[in-house]
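Architecture and fold: a report
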Amino acid sequence: MPKMKTKSSAKKRFKVSATGKVIGSQAGKQHGMIKRSNKFLRNARGTTALSAPDAKIIKGFMPTTAKIGEPICPVQKVVSSPTPVTKR
């Protein structure tokens, strides 16, 4: 079975947070800022979490990251339930 490789373009543009959200830069800030309002430019600073459908696509490009709802490490904790106390 071949290696599962991460898309180089995805690892340069996105990162996955500890809670599993995909973080990316804001859209609309590459060119043409003259015609954009100051309010738009202020609000588009920094990074933001991607929507769920977009995050699912990006996580497909990065197979080494955890999928939605799965633990990050492959070893799962075994939680034993306490034994019920019965009165005799």
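Now for a quick tour of the structure. Throughout this document, residue positions are counted from 1 along each chain, in the order its sequence is written. A pLDDT threshold of at least 70 governs which residues receive local features in this predicted model, and a stricter bar of 80 or more applies before side-chain atom pairs are shown or counted, although totals over entire chains, interfaces and linings include all residues. The side-chain numbers reported here are obtained from all heavy atoms of the structure, hydrogens and water having been left aside.

Numbering of helices and strands runs from the N terminus; a helix is a DSSP stretch of H or I covering at least four residues, while a strand is a stretch of E covering at least two. The secondary structure content of the protein amounts to three helices and three strands. Listing every helix and strand of the protein by position from the N terminus yields α-β-β-α-β-α. Each residue gets one of three labels from its accessible area relative to the maximum for its type: buried under 20%, exposed over 50%, partly exposed in between, using a 1.4 Å probe on protein chains only. In the protein, buried positions account for 14% of the 88 residues. For the protein, long-range pairs separated by at least 24 residues make up 48% of all intrachain contacts whose partners lie at least 6 apart in sequence. Residue burial considers only the protein chains on display, and all accessible areas are found by Shrake-Rupley using a 1.4 Å probe. Carbon and sulfur atoms provide 57% of the accessible area of the protein, an area that totals close to 8000 Å². Two residues qualify as a contact provided that any one of their heavy atoms is within 4.5 Å of a heavy atom in the partner residue.

A separate point is the pairing of strand β2 (residues 22–25). Sheet topology note: the strand β1 (residues 14–16)/β2 ladder contains three bridges and is antiparallel. Bridge pairing in β2 places F14 opposite G24. Two strands are said to pair when DSSP picks up at least two bridges between them. Count of turn residues in the β1/β2 antiparallel hairpin: five residues, of which G20 carries a positive phi of about 100°. The sheet contact formed by β2 and strand β3 (residues 47–49) spans three bridges and is antiparallel. Residue pairing in the sheet places I23 in a bridge with A49 of β3.

Let us now look at the packing of aromatic side chains. Two aromatic rings, drawn from Phe, Tyr or Trp (for Trp, its six-membered ring), form a pair once their centres lie within 6.5 Å of each other, and the interplanar angle then sorts them: stacked below 30 degrees, edge-to-face above 60, tilted otherwise. Per the counting criterion, the structure on display carries zero aromatic pairs. Here, over-ring charges are defined by two tests on the NZ atom of lysine or the CZ atom of arginine: distance to the ring centre within 6 Å, and angle to the ring normal within 35 degrees. Residue placement shows K7 over the ring face of F61; its charged tip is 5.8 Å from the ring centre.

By themselves, these figures tell us nothing about what the structure is for.
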